[in-house]
Amino acid sequence: MTNASVREFKMPDVGEGLTEAEILKWYVQPGDTVTDGQVVCEVETAKAAVELPIPYDGVVRDLHFPEGTTVDVGTSIIAVEVAGGAAPAQEEAAVAPAPAAEPEQPAEQPAARQPVLVGYGVATSSTRRRPRKQAQDPAAQQAASAVQSELNGHGAAPAAPAVPAAPAAPAQRPLAKPPVRKLAKDLGVDLATVTPTGPDGVVTREDVHAAVAAAQAPQQTAPEAPPAAPAASAPAAQPAAPASYDSARETRIPVKGVRKATAAAMVGSAFTAPHVTEFVTVDVTRTMKLVEELKQDKEFAGLRVNPLLLIAKALLVAIRRNPDINASWDEAAQEIVVKHYVNLGIAAATPRGLIVPNIKDAHARTLPELAASLGELVSTAREGKTSPSAMQGGTVTITNVGVFGVDTGTPLLNPGESAILAVGAIKPQPWVHKGKVKPRQVTTLALSFDHRLVDGELGSKVLADVAAVLEQPKRLITWA
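Note that the structure is predicted; figures quoted are calculated from it, not measured.

Caption draft 1: Just the overall build of the protein, in detail. Scanning the protein from N- to C-terminus turns up 13 helices and 23 strands. Within the protein, the fraction of its 480 residues that count as buried is 37%. In the protein, the share of contacts with a sequence separation of at least 24, taken over all contacts with a separation of at least 6, comes to 62%. As displayed, the protein has an accessible area near 26100 Å², and 55% of this comes from carbon and sulfur atoms.

Caption draft 2: Local environment of the sheet that holds strand S2 (residues 20–26). Across the sheet, four strands lie side by side as S5-S4-S2-S7; this open sheet has antiparallel pairing. A strand with exactly one partner marks an edge of an open sheet, and here the two such strands are strand S5 (49–53) and strand S7 (70–72). In this sheet, neighbouring strand axes are inclined to one another by 40 degrees on average, regardless of whether the strands run parallel or antiparallel. Alignment of S2 against S7, held across three bridges, turns out to be antiparallel.

Caption draft 3: Layout of the pattern of salt bridges. Within this structure, the stated rule accounts for nine salt bridges. With a shortest N-O distance of 3.0 Å, Asp407 and Lys427 are connected by a salt bridge. With Asp407 in the loop between strand S20 (396–400) and strand S21 (419–423) and Lys427 in strand S22 (residues 427–433), the pair connects residues that are 20 residues apart, well separated along the chain. Via salt bridges that share partners, Glu331, Asp450 and Arg452 belong to a single interconnected network.

Caption draft 4: Seen up close, a positive patch on the surface. Judged by side-chain charge, Arg286, Lys289, Lys434, Lys436, Lys438 and Lys474 come together as a positively charged surface patch. Secondary-structure elements contributing two or more residues to the positive patch are helix H9 (285–295) and strand S23 (436–450). Structurally, Lys289 can be placed in helix H9.

Caption draft 5: Examining helix H10 (residues 307–321) more closely. Across its 15 residues, H10 extends 21 Å between first and last C-alpha, which sits within 8% of the 21 Å expected from 1.5 Å per residue. With respect to burial, H10 is a largely interior element, twelve of its 15 residues being buried. Along H10, the residues classified as buried are Leu308, Leu309, Leu310, Ile311, Ala312, Lys313, Ala314, Leu315, Leu316, Val317, Ala318 and Ile319.

Caption draft 6: Structural context of the packing of H10 against helix H11 (residues 367–382). Across the interface, H10 lies against H11 with an axial gap of 10 Å and an inter-helix angle of 120 degrees. Here H11 runs oblique to H10, going by the angle between their axes. As H10 packs across H11, the resulting crossing turns out to be right-handed. Judged by residue contacts, Leu309, Leu310, Ala312, Lys313 and Leu316 of H10 engage Leu367, Leu370, Ala371 and Leu374 from H11.

Caption draft 7: Looking closely at the packing of aromatic side chains. Enumeration according to the criterion identifies zero aromatic pairs in this entry. The ring of Trp479 carries the charged tip of Arg321 above its face, separated from the ring centre by 3.8 Å.

Caption draft 8: The arrangement of the pairing of strand S8 (residues 76–83) in detail. Most of S8 is tucked away: six of the eight residues are buried. The pairing of strand S6 (residues 58–63) with S8 spans four bridges and is classified as antiparallel. Bridge pairing in S8 links Val60 to Val80.

Caption draft 9: Main features of a nonpolar patch on the surface. A cluster of nonpolar side chains, contributed by Val403, Phe404 and Val406, occupies part of the molecular surface with about 310 Å² of accessible area. Turning to its location among the elements, Phe404 is positioned in the loop between S20 and S21. Note on Phe404: relative accessible area 62%, which makes it exposed.

Caption draft 10: Inspection of the side chain of Asp207 at higher detail. Inspection of the secondary structure puts Asp207 in helix H5 (residues 205–216). A relative accessible area of 7% means that Asp207 is categorised as buried. Within the structure, the side chain of Asp207 is placed 2.7 Å from the side chain of Thr197, a separation counted as a polar contact.

Caption draft 11: Highlighting H11. Taking 1.5 Å per residue, 16 residues should reach 22 Å; H11 reaches 23 Å between its end C-alpha atoms and fits that length. Listed in full, the buried residues belonging to H11 are Leu367, Leu370, Ala371, Ser373, Leu374, Leu377, Val378 and Ala381. Down the axis of H11, the smallest arc covering the buried residues is 165 degrees, so these residues share one side. The inward-facing, buried residues of H11 abut H9, H10, strand S16 (344–346), strand S17 (348–350), strand S18 (353–355) and strand S19 (358–359). Remark: Gly384 follows H11 within two positions and exhibits a positive phi of approximately 75 degrees.

Caption draft 12: Spotlight on unusual backbone geometry. Positioned with a positive phi, Gln334 is a non-glycine residue whose angle comes to about 55 degrees. For Gln334, the location among the structural elements is in the loop between strand S14 (327–330) and strand S15 (335–338). Backbone geometry at Lys434 places phi at a positive 55 degrees, although glycine is not the residue there. What makes Lys434 exposed here is its relative accessible area of 71%.

Caption draft 13: Structural view of the environment of Ala333. One can find Ala333 in the loop between S14 and S15. Given a relative accessible area of 37%, Ala333 falls into the partly exposed group. Between the alpha carbons of Ala333 and Pro178 there is a distance of 9.3 Å; along the sequence they are 155 residues apart.

Caption draft 14: Broad picture of the packing of H10 against helix H12 (residues 456–471). Where H10 meets H12, the closest approach of the two axes is 8 Å, and the angle between their N-to-C directions is 135 degrees. In terms of orientation, H10 and H12 fall into the oblique class. The two elements H10 and H12 cross, and the hand of that crossing is right-handed. Only Val462, Asp465, Val466, Val469 and Leu470 of H12 make contact with H10, whose side of the interface consists of Leu310, Ile311, Ala314, Leu315, Val317, Ala318 and Arg321. In terms of residue class, the contact of H10 with H12 is built from ten nonpolar, no polar and two charged.

Caption draft 15: Geometry of the nonpolar core. Formed by 49 residues in total, the largest nonpolar core has its most connected members in Leu309, Leu315, Leu344, Ile398, Leu421, Leu445 and Val466. If one sorts the elements of this core by residue count, H10 sits on top with eleven residues. Residues contacting Val466, with those up to four places away along its chain left out, are Ala314, Leu315, Ala318, Leu421 and Leu445. In terms of nonpolar packing, the next biggest core, distinct from the first, is built from 20 residues, Ala21, Ile54, Val71 and Val80 among them.

Rules and cut-offs
- Residues numbered from 1 in each chain as written.
- Predicted model: local features only at pLDDT ≥ 70, side-chain atom pairs only at ≥ 80, totals over all residues.
- Heavy atoms only, no water.
- Helix = DSSP H or I, 4+ residues; strand = E, 2+ residues; numbered from the N terminus.
- Buried < 20%, exposed > 50% of the residue type's maximum accessible area, 1.4 Å probe, protein only.
- Contact = heavy atoms within 4.5 Å.
- Areas by Shrake-Rupley, 256 points an atom, 1.4 Å probe, with all protein chains shown as cover.
- Pairing = 2+ DSSP bridges.
- Axes fitted to C-alpha atoms, helices over the stretch in contact; angles between N-to-C directions.
- Salt bridge = Lys/Arg side-chain N within 4 Å of Asp/Glu carboxyl O.
- Patch = residues over 30% accessible without salt bridge, like charges linked within 9 Å, V, L, I, M, F, W, Y side chains within 5 Å.
- Lys, Arg positive; Asp, Glu negative; His and termini not counted.
- Charge placed at Lys NZ, Arg CZ, Asp CG, Glu CD.
- Expected span 1.5 Å × (residues − 1).
- Parallel < 35°, antiparallel > 145°, perpendicular 65-115°, else oblique.
- Left-handed = near helix turned anticlockwise from the far one by under 90°.
- Phe/Tyr/Trp six-rings, centres within 6.5 Å; stacked < 30°, edge-to-face > 60°.
- Lys NZ or Arg CZ within 6 Å of the ring centre and 35° of its normal.
- Polar contact = N/O pair within 3.5 Å; in protein donor to acceptor, adjacent residues only side chain to side chain.
- Arc of directions from axis to C-beta.
- Nonpolar A, V, L, I, M, F, W, Y, C, P; charged D, E, K, R; others polar.
- Core = buried A, V, L, I, M, F, W, Y, C linked by side-chain atoms within 4.5 Å.

Following this line, the structure appears as structure tokens:
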């Protein structure tokens, strides 16, 4: 034991704003020997399921959390006994969550590798945040703490008189990223009353959501507080198991992982971007014939060829003809960011929920390359192996509701994008063709767009171009 020490492996941070992950499965048990790079567990973040490798050799001493537990990023999840490693005291200091210890870590561990969800080995950043100024008046800190306690629904009675002292807080602007400030504004949360949990006192999205949830709690617990102090613990137990809940007639499913992320994203999208949706019904008979012909083409041997492939290509052509649709709204900078590349998102239903991975630089791919990318994207999503990076940086999205037999819909924008195309079911319908009513393959397209940066004219042109290509696929050549 004199030559060995225990190292604590913490839940890694992917650097994409994720603050927690659920442990799905442990691949090791106490007493097992592990090697550098060996996968020790699988976790599910709000974006995907990811396998975590251990960054050193040793013997597993303890698993701190069982499977199914949601753990905050930065929390130790496994203890490994290593030979000739750092002293236990140093390891404890390395994993201590106290913000005051953060600035000293780069100096103590210049060569240490910081594990991340998609690997490890990220160099320690030399950039440091300027230390946050301390409150000039200690009473102001106490007052702000009292306000937060009241919002959380468990503030003590003496905390109420301290609320008037809260106005002293505006002298110190809370630290938060622009998207978090926007979220707080939309939800009506004063950042000065939110207790930050991020590094260096930064307020995170989770802090804002926690403040909103806590603000609603007093409405349920307040009536129970006055009777007697000993009964204070009773109200906390009641919401966990309501008397009206019948497990034989109802099932309660915790909101977490992909579902939690999807809910937050859709609420943010619906109440941030002013949506407009336009529809067009189009004869896609010629497109369906082309799909059958491409299936026989040797260039597409082994590739998945379906209507979605040509619909995706049609959208890419429409974006090329109307590039301003491929943009995003930068609220913090008050700018419209036009993208000169297309990362095409495809909404995919998976056992864990809805995800939107995207094909990077889809605009530069040939039709066979696009078919290969679509096939890989779909298969990876169904297996639950989509990486977080595959769901970052999308510029425009397609959602195919037609696979469920639905004619059309009004899709919500993927956050950070300005347009999403919904494709309905392709069905034989009576259609006037060459002056006669004939059965034709018909579908309905719906395009939702952000009216802050996309005017009706631009949105209409994009949708009309997509429909025109699907009606006459030869435009893939003439317009390209």
